[in-house]
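# Overview (structure and organization)
Each chain, letter by letter, is given below.
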Amino acid sequence: MNHTQIEDFTHIASDWIWETDEAGRFTRLSPEAETFLGRPVAELLGVDRSAFAWEFEAGGLHLYRAALAARRAFRDLTYIYSHPDGAPRWFEISGRPCFSADGAFAGYRGVGCDVSEQRRTRDALVEAHAELTEQNRRFDAALENMSQGLCLFDARHRLQVWNRRYLDMFGLEPDALQVGMSQQAIIEQLVALGRYRAGMTVDSVSEGTRTSLTADGPKALMRELADGRVIAVTHRAMPGGGWVSTFEDVTERRRNEARIVHMARHDGLTDLPNRTALREIGIERLGQAREAGAGLAVLCLDLDRFKPVNDSFGHAVGDGLLKAVSARLRAQVRGRDVVARLGGDEFAVLYAVADADDATAVAERLIGAVSAPYRLDGVTAEIGMSVGIALALPEAGGTGDIERLLKEADMALYEAKAAGRGTFRLFEPKMDETVRERIALERELREALQVGRFEVHYQPLVDLSDDRITGMEALVRWRHPERGLVSPAVFIPLAEETGLIVPLGEWVLRQACRDAAGWPGDTSVAVNVSPLQLRHRGFAQTVVAALAATGLAAARLELEITESVLLDDTEANLETLHGLRGLGVRISMDDFGTGYSSISYLRRFPFDKIKIDRSFVRDCAASPDAGAIIRAIVGLGASLGITTLVEGVETEPQLAAVRAEGAREVQGFLFSPPRPAAEAAALLAAQDEQAATIAA
Ligand code: C2E
Ligand code: MG
Ligand code: MG
């Protein structure tokens, strides 16, 4: 073998040296081969090269065969070798043919080299690269699927990354942006395209980014676009000096928020400002009026006869009517004035005025407009309106706040209604006193109930057939520390308005049953029941409980109701009354004849007693008509099996007249005024004793 030829390979990295003969059998292997090939060199010598467990990579085998066939050299062909230890190895092999001195082919010689380590590193790199590619693919997918637009800028304000959503949001073509573009250039482009709301300039947009980047935390910047959309932009600085901007279309959210805000401040039916909004607007208008030295009128409006329309034509017509009213009111005011709906059939108007005459003229005009007939769903409806006015005029000092003015207008409205509806009233300070008094009274009433300042007095009901007391009417009294004994005519209406009538009525009922339980024989007790009590759920239960607690027989209790009970909530009330009557409790109609359809109500419920109002007695001695009415009612009662009682008999002639008309029972000062419980009991005891004496 010629050494110089082997030297040819010295520039090739080699781990071992090999030689084959012309038939391809190993004739020489350097000792290092043993380490790499995993077999003793002695074992390999003479073995055919092709018997080796090796496999060329890719086109390696082809090159190798071609080289051998042409007796050419080959270089750096990689093959995988199955090392006997089981781990695959990558070897590179280079070789060149050798010729004998006579030029005959003598075999190949070359070097082998273990490249396993390089291969592993390369594979790891390939793998890492694949992973990175996958990660980038995911990143791109995420970027493209974001609901937000996104841009990433480097420390030099150069665009690095953006997504399609951003392009879409700002209506940019896909090629409008390039990596490395400055933020300034992008803004210039957007402004030139007219994407931002009018008035936004390159400077103002850039300024927005700057301030938002220097702000403490990420705070969204609202960008209004020319087409009405609103984009929330956040800029977040990054550690390396660049920043990420996100863009979110919040148009819908903002619209919803605006709608919610609107709903909270407007009435759903008429879309007029509500009470809350009116207060806020009122504060503003008052401030403006004060500054301008102008006047402002606050008008509280309340529809008259709205409830009957609503009840008889149904709520759809009622709603339509309220909408029509709001439209008419709106048509009557100027742009700066305000119409609000306070609830139900109550409205309010803020109107700029010069003086009181101005304000009353407005009120008159509004009443006129609302009072004209309405055509709704084929029905004609007519309503009226009452108005209360409060004024804030500059000469009056203009100290009134809106809260105060609304209260004053409301008091004036109360007076307008009391004056007979369809009219207006201007607030006067004395109205304030009336209201203050009512408020004080209400507080005292509450307290009186708590500390027990009420008393029940009793007035006898006398049977005319034997002039004996058959029952007593319970009449409540308020023993006021300063005012003395207060009449129920004063406090019952207030108790009804405030709902205190429910606990008060319950207390009276119990007290009356307790007192009556101690009376002799079957003397009954009549207790007045307010419509409000009756309407209150659980009233029947209250009655049953009072009877049970005091041991009074149901037949000894009479409940006096007025016809107003049958006017509203009729069905439920009738049910309660029937239930009570079923228990044996008797039901009387009180103040008969003061309403307008008392007689028709007699057909709706089997009353046990009719109490003819004392106004008929007052006149009956003088007027033959009054007498005739008593006669008619008594006759009607007799034929229906109803006892008739005449209230308010004060004189003998009245008694004689009532007797002549055939009434069964009477009640009045002639026999006895209402008396405290002890006196009433004494009266009954005396009568009992007298009867016993006569019987004896
Ligand atoms: P009412 O139920 O019609 O009671 C009869 C009223 O007429 C009583 O007035 C009584 O004092 C008065 N009166 C009786 N005889 C005569 C008379 O000969 N001449 C005149 N001028 N008046 C007479 P009072 O006690 O002031 O009660 C007024 C009204 O207050 C009662 O009218 C009744 O509607 C109501 N009321 C009284 N107590 C209660 C109660 O406990 N609950 C409820 N809901 N209402 C009550
Ligand atoms: Mg009564
Ligand atoms: Mg009465």
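Residues numbered from 1 in each chain as written. Chains lettered and ligands numbered in written order. Predicted model: local features only at pLDDT ≥ 70, side-chain atom pairs only at ≥ 80, totals over all residues. Heavy atoms only, no water.

### Looking at the overall build of the protein chain
A count of helical and extended segments in the protein chain gives 26 helices and 28 strands. Reported as C-alpha extents along the three principal axes, the dimensions of the protein chain are approximately 175 × 75 × 55 Å. Contacts in the protein chain between residues far apart in sequence, at least 24 positions, make up 57% of those at least 6 positions apart. About 35400 Å² of surface is accessible on the protein chain, with carbon and sulfur atoms providing 53% of the total. The centroid of the 78 positive side-chain charges in the protein chain is displaced by 2 Å from the centroid of its 101 negative side-chain charges. (Helix = DSSP H or I, 4+ residues; strand = E, 2+ residues; numbered from the N terminus. Contact = heavy atoms within 4.5 Å. Areas by Shrake-Rupley, 256 points an atom, 1.4 Å probe, with all protein chains shown as cover. Lys, Arg positive; Asp, Glu negative; His and termini not counted. Charge placed at Lys NZ, Arg CZ, Asp CG, Glu CD.)

### Some points on the site of ligand 1
In the vicinity of ligand 1, 22 residues are found, and the nearest of them are R477, N528, D590, E650 and F669. In the model, an oxygen atom of ligand 1 is placed 2.8 Å from a nitrogen or oxygen of the D590 side chain. Taken by itself ligand 1 offers 790 Å² of open surface, and the protein chains cover 83% of this. For the shell around ligand 1, the leading source of residues is strand β20 (residues 468-480), giving four residues. Grouping the amino acids of the shell around ligand 1 by side-chain chemistry returns eight nonpolar, six polar and eight charged. (Near = heavy atom within 4 Å. Polar contact = N/O pair within 3.5 Å; in protein donor to acceptor, adjacent residues only side chain to side chain. Nonpolar A, V, L, I, M, F, W, Y, C, P; charged D, E, K, R; others polar.)

### Brief notes about helix α10 (residues 275-292)
Counted at 1.5 Å a residue, the expected span for α10 with its 18 residues is 26 Å, and the 25 Å between its end C-alpha atoms agrees. When α10 is considered as a whole, its buried residues turn out to be A277, L278, I281, G282, R285, L286 and A289. Mapping the buried residues of α10 onto a view down its axis gives an arc of 155°, with all of them on the same face. Looking at α10, the residues exposed on the side facing more than 90 degrees away from the buried face are I283 and E291. (Expected span 1.5 Å × (residues − 1). Buried < 20%, exposed > 50% of the residue type's maximum accessible area, 1.4 Å probe, protein only. Arc of directions from axis to C-beta.)

### Side note on helix α13 (residues 356-371)
If you check α13, its first and last C-alpha atoms are 22 Å apart, about what 16 residues at 1.5 Å a residue would give, namely 22 Å. Those residues of α13 lying buried are A359, T360, V362, A363, L366, I367, A369 and V370. Taken together, the buried residues of α13 touch β12 (295-304), α12 (315-332), β14 (346-353), β15 (374-376), β17 (384-392) and β18 (424-426). Measuring from the backbone nitrogen of D357 back to the side-chain oxygen at the start of α13 gives 3.3 Å, which picks out D355 as the cap.

### Overview of the coordination of the magnesium ion (ligand 2)
Protein coordination of the magnesium ion (ligand 2) is provided by E473 (OE), N528 (OD1), E560 (OE) and D590 (OD), with donor distances spanning 2.0 to 2.2 Å. In terms of primary sequence, the donors binding the magnesium ion (ligand 2) are separated according to E-x54-N-x31-E-x29-D. Separation of the magnesium ion (ligand 2) from the magnesium ion (ligand 3) amounts to 3.9 Å, with D590 serving as a shared donor to the pair. One end of the pair, E473, is in strand β20; the other, D590, is in strand β24 (residues 586-592), and 117 residues separate them in sequence. The exposure classification of E473 matches that of D590, with both residues buried. (Donors = N, O, S within 2.8 Å, 3.2 Å for Na, K, Ca; no water.)

### Brief notes about the domain arrangement of the protein chain
Per the domain assignment, the segments making up the protein chain are domain 1 (3-114), domain 2 (146-249), domain 3 (264-427) and domain 4 (439-695). Its C-alpha centre places domain 1 at a distance of 132 Å from the equivalent point of domain 4. (Domains from an automatic or database assignment.)

### Focus: the pairing of β14
The side chains of a regular strand alternate between the sheet's two faces. Burial runs high along β14: six of the eight residues are buried. Relative to β14, β12 is paired through eight bridges, and the arrangement is antiparallel. Counterpart to C300 in the pairing with β14 is A348. Two elements, strand β13 (residues 338-343) and β14, share five bridges in a ladder whose sense is antiparallel. By the bridge assignment, A340 is partnered in β14 with A348. (Pairing = 2+ DSSP bridges.)

### Quick look at a negative patch on the surface
The grouping of D355, D357, D358 and E395 at the surface amounts to a negative patch. Counting through the fold element by element, D358 comes out in helix α13. (Patch = residues over 30% accessible without salt bridge, like charges linked within 9 Å, V, L, I, M, F, W, Y side chains within 5 Å. Salt bridge = Lys/Arg side-chain N within 4 Å of Asp/Glu carboxyl O.)

### Observations regarding the pattern of salt bridges
Considering all chains together, one arrives at 38 salt bridges under this definition. When the shortest N-O distance is used, the salt bridge between R404 and E408 registers 3.1 Å. You can see R404 and its partner E408 sitting in helix α14 (residues 402-418), four residues apart, about one turn around the helix. Looking at E408, the relative accessible area reads 12%, which means it is buried. Within this structure, R404, E408, D432 and R436 form a network of salt bridges that share partners.

### A word on the coordination of the magnesium ion (ligand 3)
Summarising the metal site, the magnesium ion (ligand 3) is bound by the protein donors D590 (OD), D591 (OD), E647 (OE) and E647 (OE), whose distances to it range over 1.9 to 2.7 Å. Sequence spacing among the residues donating to the magnesium ion (ligand 3) works out to D-D-x55-E. A relative accessible area of 27% places D591 in the partly exposed class.

### Focus on the nonpolar core
Core analysis: the largest hydrophobic core is formed by 71 residues, its most contacted members being V525, L557 and L559. Per-element accounting of this core gives the leading share, seven residues, to helix α17 (residues 501-517). In this structure L559 touches L509, V527, V529, F539, V543, L580, V585, R586, I587 and S588, once residues within four positions along its chain are discounted. If you look at the next biggest cluster of nonpolar residues, it comprises 33 residues, including L303, V325, V370 and L376. (Core = buried A, V, L, I, M, F, W, Y, C linked by side-chain atoms within 4.5 Å.)

### Regarding the pairing of β24
Burial runs high along β24: five of the seven residues are buried. For strand β23 (residues 557-561) and β24, the ladder comprises four bridges, and the chain directions are parallel. The residue bridging E560 from the neighbouring strand is S588, located in β24. Where β24 meets strand β25 (residues 609-612), three bridges bridge the pair, whose relative direction is parallel. Counted as the bridge partner of S588 is K609 from β25.

### Focus: the sheet that holds strand β6 (residues 105-114)
The strand order β2-β1-β6-β5-β4-β3 describes an open sheet built from six strands, whose pairing is antiparallel. Every other strand in the sheet has two partners, leaving β2 (26-29) and β3 (54-56) as the edge strands with one partner each. Averaged over all pairs of adjacent strands, the angle between their axes in this sheet comes to 30°, without regard to strand direction. Where strand β1 (residues 16-20) meets β6, four bridges bridge the pair, whose relative direction is antiparallel. Each bridged residue has a counterpart across the sheet, and for I17 the counterpart in β6 is V111. Along the sheet, helix α4 (residues 60-69) makes contact with β3, β4 (74-82) and β6, crossing β4 at roughly 125°. Helix α5 (residues 116-145) rests against β4, β5 (88-99) and β6 of the sheet, and its axis sits at about 130° to β5. (Axes fitted to C-alpha atoms, helices over the stretch in contact; angles between N-to-C directions.)

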